Amino acid sequence: MRNIQRKKEWVLAAPAFQRLLGWLDQGAPSNGQSYLDLRERLVAYFDRKNCRTPDDLADETLNRVARRLEEEGAIVSETAARYCYIVARFVFLEYLRGRNDEVSLDGMTSQAAGNNHGVSGTPDERLSRERLMSCLDQCTEKLEPAHRDLIVRYYHGEQRVKIENRITLAQQLGITINALSIRACRIRDKLQACVSECAGPE
């Protein structure tokens, strides 16, 4: 239990991120391009499997690889990409087991909007979606302006557009993609807690 708790609290710091970049480059420095390319492929992998948050799962995969590098100092594998895909499969299996217990910001907005079909569903379902959307709006407004701007921009767009938006946002903030992901995750957790309290039991 102690080991699980320690891993949950682990945060990707700059030295660990630099070690990950070097490992992915395999001796041929790419200025982070190897990382971005692999991350994009992982996002596509999770997207093909119809995961709700492929970006977050790709980040989780790379964070776990970085954590193992930090803990063990090295990873023996045929290629960096092959090892990352092995980790990605485990992340996907965990996602399948826990998807009914977790609600992401994307998931909340999709459910609240009724997947862009506001007139569909029973009256009770429509009321539930409207209540969820109202709570999401209220909770978003309660955020600090900087946090509100970050979370809205972080989830804006689809697939490639979303990735490019996040790269641009990280550059504007002067932080790495992973640091941006950590910030967004913390803000999202606050939003989820606020929405759950606002919406109350079904």
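In this text, all values refer to a predicted model and were calculated from it rather than measured experimentally.

Caption draft 1: Region of interest: unusual backbone geometry. Positioned with a positive phi, Asn31 is a non-glycine residue whose angle comes to about 60°. Even without glycine at this site, Asn50 takes up a positive phi of about 60°. The topology assignment puts Asn50 in the loop between helix 3 (33-48) and helix 4 (54-72). Assessed through its relative accessible area of 66%, Asn50 is described here as exposed.

Caption draft 2: Here's a closer look at the nonpolar core. The biggest cluster of nonpolar side chains holds 52 residues, and the ones touching the most others in it are Leu20, Trp23, Leu24, Tyr35, Leu38, Phe46 and Val65. Secondary structure elements with two or more residues in this core: helix 2 (14-25), helix 3, helix 4, helix 5 (80-98), helix 7 (123-142), helix 8 (145-154), helix 9 (159-173) and helix 10 (177-199). Considering each element in turn, this core owes the most residues, 10 residues, to helix 5. Non-local contacts of Phe46, meaning those with residues more than four positions away in its chain, are made with Cys51, Pro54, Leu57, Ala58, Thr61, Ala88, Val91 and Phe92.

Caption draft 3: View of the pattern of salt bridges. Considering all chains together, one arrives at eight salt bridges under this definition. Taking the shortest distance from any N to any O, the salt bridge between Arg39 and Asp55 comes out at 3.8 Å. Taken together, the residues span a long stretch of sequence, with Arg39 in helix 3 and Asp55 in helix 4 at a distance of 16 residues. Exposure class is identical for Arg39 and Asp55. Each is buried. Where Arg68 meets Glu72, a salt bridge forms, and the shortest distance between an N and an O atom there is 3.0 Å. With Arg68 and Glu72 both in helix 4 and four residues apart, the pair spans about one turn of that helix.

Caption draft 4: Broad picture of the environment of Val87. In this fold, Val87 is placed in helix 5. Remark: the alpha-carbon pair of Val87 and Val65, spanning 22 residues in sequence, is separated by 7.4 Å. Excluding residues within four positions of it along the chain, Val87 makes contact with Thr61, Arg64 and Val65.

Caption draft 5: Local environment of the state of the cysteines. Enumeration over the complete set of coordinates arrives at two disulfides. Here Cys135 is linked by a disulfide to Cys198, with a sulfur-sulfur distance of 2.1 Å. On the sign convention where negative is left-handed, the bridge of Cys135 and Cys198, at about -75° about the S-S bond, is left-handed. Of this pair, Cys135 sits in helix 7 while Cys198 sits in helix 10, and the two are 63 residues apart along the sequence. The class for Cys135 is buried, based on a relative accessible area of 3%. At a sulfur-sulfur separation of 2.0 Å, the disulfide partner of Cys139 is Cys194. Across the S-S bond of Cys139 and Cys194 the torsion is about -80°, and the bridge reads as left-handed. Residue Cys139 is located in helix 7, and its partner Cys194 is located in helix 10; the two are separated by 55 residues in the primary sequence. Bonded cysteines in the protein are paired 1-4, 2-3 when counted in the order they occur along the chain.

Caption draft 6: Spatial organisation of the side chain of Arg39. Take Arg39: its relative accessible area is 4%, and that puts it in the buried class. Dropping the residues within four chain positions of it, Arg39 is found in contact with Asp55, Ala58, Asp59, Leu62, Ile163, Arg166 and Ile177.

Caption draft 7: Structural context of the packing of aromatic side chains. Tallying each qualifying case throughout the model produces five aromatic pairs. Ring centres of Trp23 and Tyr83 lie 6.1 Å apart, and the angle between their planes is 90°; this geometry places the pair in the edge-to-face category. Taken together, the residues Trp23 in helix 2 and Tyr83 in helix 5 connect sequence positions 60 residues apart. Judged on exposure class, the residue Trp23 and its partner Tyr83 are both buried. Ring-pair connections join several aromatic residues into one group, and the members of that group are Tyr45, Phe46 and Tyr85. Above the face of the Phe92 ring, Lys49 is positioned so that its terminal group lies 4.8 Å from the ring centre. The side chain of Arg166 reaches across the aromatic face of Tyr154, ending 3.6 Å from its centre.

Here is what the cut-offs are and how they apply
Residues numbered from 1 in each chain as written. Predicted model: local features only at pLDDT ≥ 70, side-chain atom pairs only at ≥ 80, totals over all residues. Heavy atoms only, no water. Helix = DSSP H or I, 4+ residues; strand = E, 2+ residues; numbered from the N terminus. Buried < 20%, exposed > 50% of the residue type's maximum accessible area, 1.4 Å probe, protein only. Core = buried A, V, L, I, M, F, W, Y, C linked by side-chain atoms within 4.5 Å. Contact = heavy atoms within 4.5 Å. Salt bridge = Lys/Arg side-chain N within 4 Å of Asp/Glu carboxyl O. Disulfide = S-S within 2.5 Å. Phe/Tyr/Trp six-rings, centres within 6.5 Å; stacked < 30°, edge-to-face > 60°. Lys NZ or Arg CZ within 6 Å of the ring centre and 35° of its normal.

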